[in-house]
Amino acid sequence: MDHDSFKTFDDVEFQYSLPGRCAHVLAKDCTKNNLFMVLMSKETEIPDKKVIEIFVENQKIRIEHLVAHRYQIQVGF
């Protein structure tokens, strides 16, 4: 993921601009319990400011892009 360019697990690259505040599913398990999911959203109109949320069982990891190569990471339940 770089700016508005995304590369899939099978190395296919495509261009896509995230709409504001809409979460997109990047990866998810196929079980009924949804034990694993990765979401990405853009919380502001700043093009490079994206938020990744990773849900693993009952935990949530939030990674927020602040400025050039700086990130804030929060781990919670």
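Analysis parameters
- Residues numbered from 1 in each chain as written.
- Predicted model: local features only at pLDDT ≥ 70, side-chain atom pairs only at ≥ 80, totals over all residues.
- Heavy atoms only, no water.
- Helix = DSSP H or I, 4+ residues; strand = E, 2+ residues; numbered from the N terminus.
- Buried < 20%, exposed > 50% of the residue type's maximum accessible area, 1.4 Å probe, protein only.
- Contact = heavy atoms within 4.5 Å.
- Salt bridge = Lys/Arg side-chain N within 4 Å of Asp/Glu carboxyl O.
- Pairing = 2+ DSSP bridges.

Secondary-structure assignment places tyrosine 71 in strand E7 (residues 70-76). Residue classification places tyrosine 71 among the exposed residues on the basis of a relative accessible area of 51%. For the pair tyrosine 71 and lysine 49, spaced 22 residues apart in sequence, the C-alpha separation works out to 10.0 Å. With residues up to four places along the chain from it excluded, the contact list for tyrosine 71 reads Ile63, Glu64, His65 and Leu66.

The tally for this structure, following the rule as stated, stands at three salt bridges. Across the pair lysine 60 and glutamate 53 runs a salt bridge whose closest N-O atoms are separated by 3.0 Å. Taking relative accessible area as the criterion, lysine 60 reaches 31% and is therefore assigned partly exposed. A salt bridge links glutamate 53 to arginine 62, with the shortest nitrogen-to-oxygen separation between them at 3.4 Å. Accessibility classification places glutamate 53 together with arginine 62 in one group, the buried group. Put simply, Glu53, Lys60, Arg62 and Glu64 are held in one network by salt bridges that share partners.

Turning next to unusual backbone geometry. Notably, aspartate 11 is not glycine yet its phi reads approximately 70°, a positive angle. Along the chain, aspartate 11 falls in the loop between strand E1 (5-7) and strand E2 (13-15). A positive phi angle, close to 50°, is found at glutamate 57, a residue other than glycine.

Turning our attention to the pairing of strand E6 (residues 59-67). Where strand E5 (residues 50-56) lies against E6, six bridges are found, and the strand directions are antiparallel. Each residue of the ladder has a partner; that of valine 51, found in E6, is glutamate 64. Linking E5 back to E6 in an antiparallel pair, the connection comprises two residues, with glutamate 57 at a positive phi of about 50°. Where E6 and E7 come together, seven bridges link them in antiparallel fashion. Following the sheet pairing, lysine 60 is matched in E7 by glycine 76. Taking the residues between adjacent antiparallel strands as the criterion, E6 and E7 are bridged by two residues, where histidine 69 takes a positive phi near 60°.

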